[in-house]
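Structure assessment
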Amino acid sequence: MERVSPFFLLFILILFPCLSHATSHQINTDESALLAFKPLVSSDPNNILKRNWTLGTSVCTWLGVTCDSCYNRVTHLNLSRMGLNGSIPPEIGNLSFLVSLNLSGNSLHGHLPKDICRYSNLPSLKELQLSINKLEGEIPVSLGECPQLEILDLSYNNFGGHVPTQIGNITHLKELWLNWNNLRGTIPKEFGALNKLEMMWLDDNKLSGSIPREVWNLTALLELRIKNNSLSGPIPSTIGNLSNMESLDLSFNALNGRIPSTIGNLSNLRYIWLKSNKLNGFIPFTVGNLSNLRYLWLNSNKLNGPIPSTIGNLSNMESLDLSFNVLNGPIPSTIGNLSNLRYIWLGSNKLNGSIPSTFVNQSKLLQLELNANNLSGEIPPSICNLRFLMVLFLSYNNLEGSFPYCLGNLSASLVILHLNANKLSGPIPSTFTKGCSLQSINLNGNKLEGILPHTLVNCKDVLGIDIGDNKIRDVFPFWMETLPQLRVLVLRSNKFNGAMSLVASNSNTERPFPKLQVLDISHNAFVGILPDRYINKFQGMIDAKENQTDDETKRYLSYLELKLTLKGLDQLMKRLLDTFTTLDVSSNRFSGGIPSSLGNLNSLRYLNLSHNTLNGHIPPSLGSMSLLESLDLSSNKMDGKIPGELAKLTFLAKLNLSINSLEGQIPQVGQLSTFDNESYVGNAGLCGLPLTRKCEGSDGKPSPPHVEVESDREIEWGYVFVAAGYVFGIGIFSWLLLLCPSFRYKYFEKVDDVFEKIFECFQRPKKRDRGRRVVRNQARRQQ
């Protein structure tokens, strides 16, 4: 008999259990579990389950299902990013051979089955990925009974409640992703048992309390991210135990105390984000040991003291953010050693001294922000060697000297050039080349002189130009009207002069300043009439839809700083809404009337024409500016009445018509009835509320006292009827006296009797007096 090979017997022994199991244990259980999931899917945009998951076919052929070759049991279920809407059935726990379940990137809702891992369900599960859904409720504590689980990803859902302490029982866990949920409470100290954990992401929840000291003993950790919670307490020195750590993000919490010097032990660390906490004290010099560090963000804390010079050892550093602290002392020259540096933010500190000339070595630098410090001296010309520089932000310092001539040569790369609030002097160089990429130029608050360089017209992408509060002496820059994207032009508080209307008339541009929404030329010496041609075509103020913000303008808006006078108050604006519009020509020498075309600026919010010599009537067309919030026409020579059309301005919150020659009654309708005395004072001819001067005349003007004549009085109909009766009686009497003889005879006879009696009465007193005198005389004789 021929001998049987032992290798053949071994093959049969291995294969037999698979064959016997495949015949005796069909995958009815797996099929039932999957078919329980199918009806709970209320939306299947691609009809994947409807067309593919059908009875009569093996589940191993269904889309998203993978079976093992030995037992034909479901080991992987991957339905990620299929747009499914529905819920997860409890039967999913019956897939006892399941190794990986991935339902991420759908719109699944409801609760995760609470017994998903209980009763020895899913004993082989290693990956549970349910991220980017709409699952809610508490995280099932039964997950602690999935002993083989290595990846647990429940991120980007709506899970609430506390983080289950039972997760600490999953000792094989390598990745824990619970970020972007609504979890609250503390981080369980039981996590300290997860000694194989490499990634723990708990950020963007509502966790509180301190980070458990057990977490700092997880020496296998590569990434620890717990940003944007409400964690408190200090960072312990035991952080130095995490020698394998590559990424640490504890930003946006309330951590306090000092940064421990032991952080220098984390030699593999590449990213440190500790921004927006309450950390204080010095930056430890041991950070210079972190030779692999690329990102160091310690901004928005309370760190003080100097920037350690050892920071110059971080040769791989790409991004350094120490802004919004209270750091002092000079900027270390060793920072020039960081040849890979692309972003540096040191703004809003108390740094002093000069800007190091060693910045010449950062040929890859894209953003240099040293604003809001106490830096002095001149801007080093070496900055001009940073040929890829996009943002230069040196505002709010004490820098002096001339505007670096070479900066104009960087205009091909520069997007943001902000040097405002310094002491720079001299002219603005005319070196802005063709292909200029600048979006924002802010030189406000310096001592710059000369004229505006016409080469700025090469900056076709510029959105904002602020030259305010300098000593520029020039005519209005009409040549800027061709800049297609210009939204903000501030020339206030300079020495601009000339007739703006004459300058505008020299232009042939069909649509000048097509997107301008902020124009401030106040506090200059412009003369002549207001430029009606421009006013007619300020499309950005006529229709705010023209000002829609796109992605290209977002960088500019993030750096926006405008000093404007709004509603009579100087304000610093750091936002520019698409709908914000203002026109300020105050404190110049404009004369003539207010053009009625101003009424076409339907989207204008703030209009200031004060402190000029404008005259004539207020145009009724101003009542068409339906969105106007502030109107200031004070300190001019306006006359006539206040037009009632202004009452249509329902959004008007500030009105100033004071110190003019207006007359008549103040309209007491709409918004006009809500303003106080200050809005109208200094107009001798105005009367009515809120002024104390009353209006007495029918024309609404203050009237002097006068004697009323009959024609001024109202008709008293009672007297009219009496007079009519009297006239009627005289007429009847006269008719009887003339035409009726018997009446006439009796009338005169009666009159004679009356006069006789009157005569007798008159004579009787005289006779009595005469008798009395006779008696008195006789008495005297007898004596």
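All of these numbers come straight from a predicted model, not from anything done at the bench.

1. Some thoughts on unusual backbone geometry
Residue Pro-690 is reached from Leu-689 by a cis peptide bond, and omega for that bond is 5°. Tracing the sequence through the fold places Pro-690 in the loop between β50 (685-687) and α8 (717-739). A positive phi angle, near 55°, is found at Ile-132, a position not held by glycine. Positionally, Ile-132 belongs in the loop between β7 (127-129) and β8 (134-138). Positive phi is not limited to glycine here, since His-523 has a value of about 60°. Counting through the fold element by element, His-523 comes out in the loop between β38 (518-520) and β39 (525-528). Since its relative accessible area comes to 39%, His-523 is described here as partly exposed.

2. Focus: empty space enclosed by the protein
Enumeration over the complete set of coordinates arrives at three cavities of 30 Å³ or more. Together, 15 residues line the largest cavity, and Thr-565, Lys-567, Leu-607, Asn-608 and Ser-630 are the ones closest to its centre. Looking at the lining of the largest cavity, the elements with two or more residues in it are β40 (562-566), β42 (582-584), β44 (606-608), β46 (630-632) and β48 (654-656). For the lining of the largest cavity, a count of residues per class yields five nonpolar, six polar and four charged. For the second largest cavity, the calculated volume is near 70 Å³.

3. A short note on the confidence of the model for the protein chain
When pLDDT drops low, the exact placement of atoms in the prediction is not to be read closely. On average, residues of the protein chain score 85 in pLDDT, and 83% of them are at 70 or above. Taken as a whole, residues 703-715 scores under 50 in pLDDT and shows five contacts with residues more than four places along the chain or in a different chain.

4. Some remarks on the layout of surface pockets
Empty space among the atoms becomes visible once a probe the size of a water molecule is rolled across them. The computed volume of the largest pocket comes to approximately 440 Å³. Phe-324, Glu-369, Asn-371, Phe-393 and Ser-558 are the residues nearest the centre of the largest pocket, which is lined by 19 residues in total. When grouped by side-chain class, the residues that make up the lining of the largest pocket number eight nonpolar, six polar and five charged.

5. As for the state of the cysteines
A full pass over the atoms with the stated rule returns five disulfides. Put simply, Cys-384 and Cys-406 are joined by a disulfide, and their sulfur atoms are 1.7 Å apart. What sets the handedness of the Cys-384 and Cys-406 disulfide is the S-S torsion sign, and at about 65° it is right-handed. On the criterion of sequence distance, the pair formed by Cys-384 in the loop between β28 (374-377) and β29 (391-393) and Cys-406 in the loop between β30 (398-402) and β31 (416-418) is long-range, its members being 22 residues apart. With respect to burial, Cys-384 and Cys-406 carry one shared label: buried. Between Cys-436 and Cys-459 runs a disulfide, and the two sulfur atoms are separated by 2.2 Å. Around the S-S axis, the bridge from Cys-436 to Cys-459 shows a dihedral of about 85° and counts as right-handed.

6. What to know about the packing of aromatic side chains
Each aromatic ring pair is summarised here by two numbers: the centre-to-centre distance and the angle between the ring planes. Tallied over the entire structure, the rule returns 21 aromatic pairs. A centroid spacing of 4.7 Å and a plane angle of 40° characterise the contact between Trp-177 and Trp-201, whose relative ring orientation is tilted. Of this pair, Trp-177 sits in strand β11 (residues 175-177) while Trp-201 sits in strand β13 (residues 199-201), and the two are 24 residues apart along the sequence. For the pair Trp-177 and Trp-201, one class covers both residues: buried. Taken together, a centroid distance of 6.3 Å and an interplanar angle of 65° make the contact between Phe-513 and Phe-538 edge-to-face. With Phe-513 in the loop between α4 (500-505) and β38 and Phe-538 in the loop between α5 (532-536) and α6 (539-542), the pair connects residues that are 25 residues apart, well separated along the chain. When sorted by exposure, Phe-513 lands in the same class as Phe-538, which is buried. Taken together, the aromatic side chains of Phe-476, Phe-496, Phe-513, Phe-526, Tyr-534, Phe-538 and Phe-590 make up a single cluster linked through ring pairs.

7. Quick word on the sheet that holds strand β34 (residues 447-449)
Sheet architecture is open: 12 strands sit in the order β12-β14-β16-β18-β20-β22-β24-β26-β28-β30-β32-β34, paired in parallel fashion. On the outer flanks of this sheet lie β12 (184-185) and β34, each paired with one strand and no other. Pairing between strand β32 (residues 423-427) and β34: three bridges, direction parallel. Its bridge partner being in β34, Pro-427 is matched across the sheet by Glu-449.

The rules behind each value
- Along every chain, residues carry numbers that run from 1 in the direction the sequence is written.
- Local features are withheld for residues below a pLDDT of 70 in this predicted model, meaning they are given only at 70 or higher, and side-chain atom pairs are given and counted only at 80 or more; totals for whole chains, interfaces and linings count all residues.
- Note that water and hydrogens are dropped before the side-chain values are worked out from all heavy atoms of the structure.
- Elements are defined by DSSP. Helices are runs of H or I of four residues or more, strands are runs of E of two residues or more, and each kind is numbered from the N terminus.
- Buried residues are those whose accessible area, probed at 1.4 Å on protein chains only, stays under 20% of the maximum for their type, while exposed residues exceed 50% and partly exposed ones sit between those limits.
- Detection works on a 1 Å grid of protein atoms alone, calling trapped sets that fit a 1.4 Å probe cavities and calling open sets with protein on both sides within 12 Å along at least five of seven lines pockets, with lining residues defined by an atom within 4 Å of a point.
- Grid points are joined across faces, edges and corners, and a volume is the space filled by probe spheres set on the points.
- Throughout this entry, Asp, Glu, Lys and Arg are counted as charged residues, while Ala, Val, Leu, Ile, Met, Phe, Trp, Tyr, Cys and Pro are counted as nonpolar. The remaining residues, Gly among them, count as polar.
- You can read pLDDT as the predictor saying how much it trusts each residue, on a scale of 0 to 100.
- Contacts are assigned to residue pairs with any non-hydrogen atoms lying within 4.5 Å of each other.
- In what follows, a disulfide is any cysteine sulfur pair within 2.5 Å.
- Note on aromatic pairs: the rings of Phe, Tyr and Trp (six-membered ring only in Trp) are paired at centre separations within 6.5 Å, and the planes decide the class, stacked below 30 degrees, edge-to-face beyond 60, tilted for the rest.
- Strands qualify as paired when DSSP identifies two bridges or more between them.

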